[in-house]
Structures are given as C-alpha cells and as structure tokens.
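# An overview of the molecular structure
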Amino acid sequence: MPDAQYFMRILATLLLAITLTACSSIPSNTISIHSGNLSSAEESTITQHLYRQYQDWRGTPYAYGGMSKRGVDCSGFVYLTLRDQFGAYLPRTTEKQVQTGYHIDEDELAAGDLVFFKTGSKVRHVGIYMEDGKFLHASTSRGVIISSLDNVYWKEHYWHARRIR
C-alpha cells in the first residue's frame, strides 16, 4: 500500500498542474462594457480615429497610473482612446480590460481590437490594433507610439486579443 509521502507527491503534482494551467489560460468574458459607436463603425473609420488619437498623444511619456498628457500608462491610454474617440467605456485596468469582450485569434484581428501581452510573470500590457500588424499603445520606454506585432519583443510576449464590439 502506498505511503503518505506518495500521496503528498501526487497531490503536489496535481496542484502544480492546476496552477500552471490557470496562469496560462485566456480569461472568459466576465465584464460587460458599453462599446459606444465602436460597434457600428466601419474598420476604416476606426483606423482613422486611432491615427487621430495617435497624432494628438504621440510621444506622451509613460507614467504608471497616469491618465493625462503629462503621463499615461497602457490601460489608461486604451481607456481614454476608446472613450474619447468612440464613446466606449471599458474598465480602467489591464487586469479588468482583459476580461471584456471575447477572445479572437491573431489572424482575425481588426481595427479596434485589444491586443494583450505578457511582459513579466504577473505584468500585462495592452494596446489597440490598428491595421497591417500595427497597434497603438503607451510603451514604458517610448511613451505613446505605434508598434508592430512582428517586432521581436512583441511577438515573443504576445498573449491574445479580444474584440469588444
């Protein structure tokens, strides 16, 4: 008959497997949002609005918790962009934004979709997809910029995307 240590090892292995599975899972839709006119806008219109926001905020420095042109963080910039350009209201934090809308595959990306990255063990980053593999976001090192999903860094850290319209 197996001893107590054997059962403890099995239990520890099961708990580790459950924990690792939960850490890599993609959140389900749990938070309702108001998507404003984002849901009815054509993709070209959404892209135009995103470029307009970029021109207005270009180079704004990154500031954790920031919500102004003196400094803004990634989720704050997404929140402000969707509110100001489309009348859409999302939660303020990346932790909550990742629970909005529904998951889509990378090959389904369209203007206005949220793209999420795992940049650390518990750190997440969010941006808004524009077109042609480009996304708009507030970078910690360069402020508000447009980046490419094909960039080595972003490709390595890409997590998933969500559609909120």
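## Points about unusual backbone geometry
When glycine is set aside, most residues are seen to have a negative phi, and most peptide bonds are trans. One non-glycine residue, Asp132, lies in the positive phi region at around 50°. Relative to the helices and strands, Asp132 is located in the loop between β5 (124–131) and β6 (134–139). Judged by relative accessible area, which is 67%, Asp132 ranks as exposed.

## Some thoughts on the confidence of the model for the protein
Keep in mind that low pLDDT regions are not for reading the predicted coordinates in detail. Model confidence for the protein is summarised by a mean pLDDT of 89, while 83% of its residues fall at 70 or above. Predicted confidence for residues 16–24 stays below pLDDT 50, and this span has four contacts to residues more than four positions away or in other chains.

## Quick look at the pairing of strand β7 (residues 143–148)
For β6 and β7, the ladder comprises six bridges, and the chain directions are antiparallel. Its bridge partner being in β7, Ser139 is matched across the sheet by Gly143. Counting the residues in the hairpin turn of β6 and β7 gives three residues.

## Regarding the pattern of salt bridges
Evaluation of the coordinates by the stated rule reveals five salt bridges. For Asp73, the salt bridge identified is with Arg92, shortest N-O distance 3.0 Å. Taken together, the residues span a long stretch of sequence, with Asp73 in the loop between β2 (71–72) and α3 (74–86) and Arg92 in the loop between α3 and α4 (94–97) at a distance of 19 residues. In this structure, the salt-bridge partner of Arg83 is Asp84, at a minimum N-O distance of 2.8 Å.

## Thoughts on the nonpolar core
Of all hydrophobic cores here, the largest spans 28 residues; its most connected members are Leu82, Leu114 and Val144. Take this core: its biggest share by element is seven residues, from α3. Dropping the residues within four chain positions of it, Leu82 is found in contact with Leu38, Gly87, Ala88, Leu90, Leu114, Ile128 and Ile164. Listed in part, the ten residues of the second largest apolar core include Leu109, Phe117, Leu149 and Ala161.

## A few points about helix α2 (residues 43–57)
Helix length check: α2, at 15 residues, gives a terminal C-alpha distance of 21 Å against a target of 21 Å (1.5 Å per residue), a fit within 8%. Of all the residues in α2, the buried ones are Ile46, Thr47, His49, Leu50, Gln53, Tyr54 and Trp57. All buried residues of α2 lie within an arc of 160° about the axis, which places them on one face of the element. Away from the buried face of α2 by more than 90 degrees, exposed residues Gln48 and Gln55 are located.

## Structural notes on the packing of aromatic side chains
Using the criterion set out here, one finds six aromatic pairs in the structure. Ring centres of Trp57 and Phe77 lie 5.8 Å apart, and the angle between their planes is 65°; on these two criteria the pair is classed as edge-to-face. Of the two residues, Trp57 sits in helix α2 while Phe77 sits in helix α3, which places them 20 residues apart along the sequence. Residue classification places Trp57 among the buried positions, given a relative accessible area of 6%. Here Phe77 falls in the buried class, since its relative accessible area comes to 0%. With centroids separated by 5.5 Å and ring planes inclined at 90°, the aromatic side chains of Phe135 and Trp154 adopt a geometry described as edge-to-face. With Phe135 in strand β6 and Trp154 in helix α5 (residues 152–157), this residue pair connects regions lying 19 residues apart in the sequence. Considered together, Phe135 and Trp154 belong to a single accessibility category, that of buried residues. Sitting over the face of the ring of Trp159, Arg124 holds its NZ or CZ atom 4.9 Å from the ring centroid.

How each quantity is defined
- Residues numbered from 1 in each chain as written.
- Predicted model: local features only at pLDDT ≥ 70, side-chain atom pairs only at ≥ 80, totals over all residues.
- Heavy atoms only, no water.
- Helix = DSSP H or I, 4+ residues; strand = E, 2+ residues; numbered from the N terminus.
- Buried < 20%, exposed > 50% of the residue type's maximum accessible area, 1.4 Å probe, protein only.
- pLDDT = per-residue confidence, 0-100.
- Contact = heavy atoms within 4.5 Å.
- Pairing = 2+ DSSP bridges.
- Salt bridge = Lys/Arg side-chain N within 4 Å of Asp/Glu carboxyl O.
- Core = buried A, V, L, I, M, F, W, Y, C linked by side-chain atoms within 4.5 Å.
- Expected span 1.5 Å × (residues − 1).
- Arc of directions from axis to C-beta.
- Phe/Tyr/Trp six-rings, centres within 6.5 Å; stacked < 30°, edge-to-face > 60°.
- Lys NZ or Arg CZ within 6 Å of the ring centre and 35° of its normal.

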